[in-house]
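For reference, the chains in residue letters:
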Amino acid sequence: MLTYIFRKPKYPIICTISGHVIAAKSEKSFMKILDDIALDHEKSYDLIDATAEGWVFVPGHMMISPITFRKQWSKRELIALYNGRTNQSPEGVPYSEKSLSSKRFERIFGDLVELLKKPGKPLVR
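The rules behind these values
- Residues numbered from 1 in each chain as written.
- Predicted model: local features only at pLDDT ≥ 70, side-chain atom pairs only at ≥ 80, totals over all residues.
- Heavy atoms only, no water.
- Helix = DSSP H or I, 4+ residues; strand = E, 2+ residues; numbered from the N terminus.
- Rg over C-alpha atoms; globule rule 2.2 N^0.38 Å.
- Buried < 20%, exposed > 50% of the residue type's maximum accessible area, 1.4 Å probe, protein only.
- Contact = heavy atoms within 4.5 Å.
- Areas by Shrake-Rupley, 256 points an atom, 1.4 Å probe, with all protein chains shown as cover.
- Pairing = 2+ DSSP bridges.
- Axes fitted to C-alpha atoms, helices over the stretch in contact; angles between N-to-C directions.
- Polar contact = N/O pair within 3.5 Å; in protein donor to acceptor, adjacent residues only side chain to side chain.
- Lys, Arg positive; Asp, Glu negative; His and termini not counted.
- Salt bridge = Lys/Arg side-chain N within 4 Å of Asp/Glu carboxyl O.

Caption draft 1: Summary view of the overall build of the chain. A count of helical and extended segments in the chain gives three helices and six strands. The secondary structure elements of the chain, listed N-terminal to C-terminal, are β-β-β-α-β-β-β-α-α. Expected size for 125 residues packed as a compact globule is a radius of gyration near 14 Å; at 14 Å, the chain falls within 12% of this value. Counting only C-alpha atoms and orienting by the principal axes, one finds that the chain spans roughly 40 × 30 × 25 Å. Per-residue burial over the chain gives 43% buried out of 125 residues. Here the analysis covers contacts within the chain between residues at least 6 apart in sequence; of these, 56% occur between residues at least 24 apart. For the chain, the exposed area adds up to about 7,300 Å²; of that, 56% sits on carbon and sulfur atoms.

Caption draft 2: Up close: the sheet that holds strand 1 (residues 3-4). Spatially, the six strands line up as an open sheet ordered 1-6-5-4-2-3, and their pairing is mixed. Of all the strands in the sheet, just strand 1 and strand 3 (20-24) have a single pairing partner and so form its edges. Relative to strand 2 (residues 13-17), helix 2 (residues 75-83) is tilted by about 50°, and along the sheet it contacts strand 2, strand 3 and strand 4 (45-49). Its contacts with the sheet put helix 3 (residues 105-117) on strand 2, strand 3 and strand 4, and the angle it makes with strand 3 is roughly 105°.

Caption draft 3: Structural detail: the environment of Tyr45. Tracing the sequence through the fold places Tyr45 in strand 4. Each C-alpha atom, one on Tyr45 and one on Trp55, is 8.5 Å from the other, the two residues being ten residues apart in sequence. When residues no more than four places from it in sequence are discounted, the contact partners of Tyr45 are Cys15, Thr16, Ile17, Ser18, Leu39, Asp40, Trp55, Val56, Phe57 and Pro59. Reaching out from Tyr45, the side chain makes a polar contact with the backbone nitrogen of Asp40 at a distance of 3.2 Å.

Caption draft 4: Focus on the pairing of strand 5 (residues 54-58). With five of five residues buried, strand 5 is to be regarded as a mostly interior element. Neither face of strand 5 is left uncovered, since the one carrying Gly54, Val56 and Val58 and the one carrying Trp55 and Phe57 both have all their residues buried. Direction of pairing for strand 4 relative to strand 5: antiparallel, over a ladder of four bridges. Bridge assignment links Asp46 to a residue of strand 5, and that residue is Val56. Counting the residues that bridge the hairpin from strand 4 to strand 5 gives four residues, and of these Ala52 lies at a positive phi of roughly 75°. Bridge count between strand 5 and strand 6 (residues 63-65): three bridges; the pairing is antiparallel. Paired with Val58 across the strands is Met63, a residue of strand 6. Hairpin connection from strand 5 to strand 6: four residues lie between these consecutive antiparallel strands, with Met62 at a positive phi of about 50°.

Caption draft 5: The arrangement of the side chain of Glu27 in detail. Residue placement: Glu27 occurs in helix 1 (residues 27-34). Despite its burial, Glu27 pairs with no opposite charge; the closest candidate is Lys8, at 4.2 Å N-O. Here Tyr4 takes part through its side chain, which lies 3.1 Å from a polar atom of the side chain of Glu27. When sequence neighbours within four positions are dropped, the list of residues in contact with Glu27 reads Met1, Leu2, Tyr4, Lys8 and Tyr11.

Caption draft 6: Quick peek at the pairing of strand 4. Most of strand 4 is tucked away, with four of its five residues classed as buried. Relative to strand 4, strand 2 is paired through three bridges, and the arrangement is antiparallel. From the neighbouring strand, Ile14 faces strand 4, where its bridge partner is Ile48.

In short, the description is geometric, and any link to function would need to be established separately.
Printed below as a string of structure tokens:
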């Protein structure tokens, strides 16, 4: 069970854990994904919600908090995170950074969530 400090993030979320980038559409799906990942309980991990707000996930306390130094994520930063992840699919097709000004953050975020839900390189426990 997750604990939220102050408030909950707006799902879906994208989280980076030791180079792996994962996406979850709900708390339940996030918890299910976490079961397959070896977490370092001494670290904290970046998490981005659907509004581009930065959060921190602390697995040692199973806590999500908005108290972080990175408050907002840009479209370019989010795409760079996705394209630089270690859990690339076999095709390894990067998300295009062209025409970012004509794409809303919500569209890019939704595209990345869907791409991350597709099967890719398995996570090692």
